[in-house]
Amino acid sequence: MSAPSFPAPSPTPPELHIASLVVHALPKRLPDVRAAILAVAGSEIHGASDTGKLVVTLEAPSTDDMMARISQIQRLDGVLASALVYQHADTLAAMNEEIGDVHGS
């Protein structure tokens, strides 16, 4: 008797994960922390204060990649804390879909 055959799972469509974080760093370590964050793939810094707070966005192709990047930032020397502010994930096709305005154009 042979084992039943099941259809092969369809490949998962490519995704894009986007997250924003507020990172609090030691003010005296801010230049080093900024450089280390910018070395993380898919990262951008959108603002910083003299008190050590940074507004960071990350893009990654999967949940696992996103979590690894967030963990990498949290473990940086000079980082006191980070807080996830926003996270969104969708397929690339959905992210590239054009959305009309309220007037239907």
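The text that follows walks through the structure, step by step, so that each part is easy to find. Bear in mind that the values here come from a model prediction, so they are computed numbers and not experimental data. (Residues numbered from 1 in each chain as written. Predicted model: local features only at pLDDT ≥ 70, side-chain atom pairs only at ≥ 80, totals over all residues. Heavy atoms only, no water.)

**Some thoughts on the overall build of the chain**
Phase 1 of the analysis: Along its length, the chain carries three helices and four strands.
Phase 2 of the analysis: Along the chain, from the amino end to the carboxyl end, the secondary structure elements read β-α-β-β-α-β-α.
Phase 3 of the analysis: Taking 2.2 N^0.38 as the reference for a compact globule, 105 residues should give roughly 13 Å; the C-alpha atoms of the chain span a radius of gyration of 19 Å, well beyond that estimate.
Phase 4 of the analysis: Dimensions of the chain along its principal axes, counting C-alpha atoms only, are 70 × 55 × 20 Å.
Phase 5 of the analysis: Partitioning the intrachain contacts of the chain with sequence separation of at least 6 by distance along the chain shows that 67% fall at a separation of at least 24.
Phase 6 of the analysis: Taken as a whole, the chain presents about 7200 Å² of accessible surface, with 57% of it coming from carbon and sulfur.
Phase 7 of the analysis: Looking at the chain, you have 6 positive and 12 negative side-chain charges, and the mean spots of the two groups are 18 Å apart. (Helix = DSSP H or I, 4+ residues; strand = E, 2+ residues; numbered from the N terminus. Rg over C-alpha atoms; globule rule 2.2 N^0.38 Å. Contact = heavy atoms within 4.5 Å. Areas by Shrake-Rupley, 256 points an atom, 1.4 Å probe, with all protein chains shown as cover. Lys, Arg positive; Asp, Glu negative; His and termini not counted. Charge placed at Lys NZ, Arg CZ, Asp CG, Glu CD.)

**Observations concerning the pattern of salt bridges**
Phase 1 of the analysis: Evaluated as defined, the whole model comprises two salt bridges.
Phase 2 of the analysis: Here R29 and D32 are joined by a salt bridge, their closest N and O atoms 3.3 Å apart.
Phase 3 of the analysis: Relative accessible area serves as the criterion here: at 44%, D32 is assigned to the partly exposed category.
Phase 4 of the analysis: Take R29: its relative accessible area is 21%, and that puts it in the partly exposed class.
Phase 5 of the analysis: One network of salt bridges, with partners in common, ties together R29, D32 and D77. (Salt bridge = Lys/Arg side-chain N within 4 Å of Asp/Glu carboxyl O. Buried < 20%, exposed > 50% of the residue type's maximum accessible area, 1.4 Å probe, protein only.)

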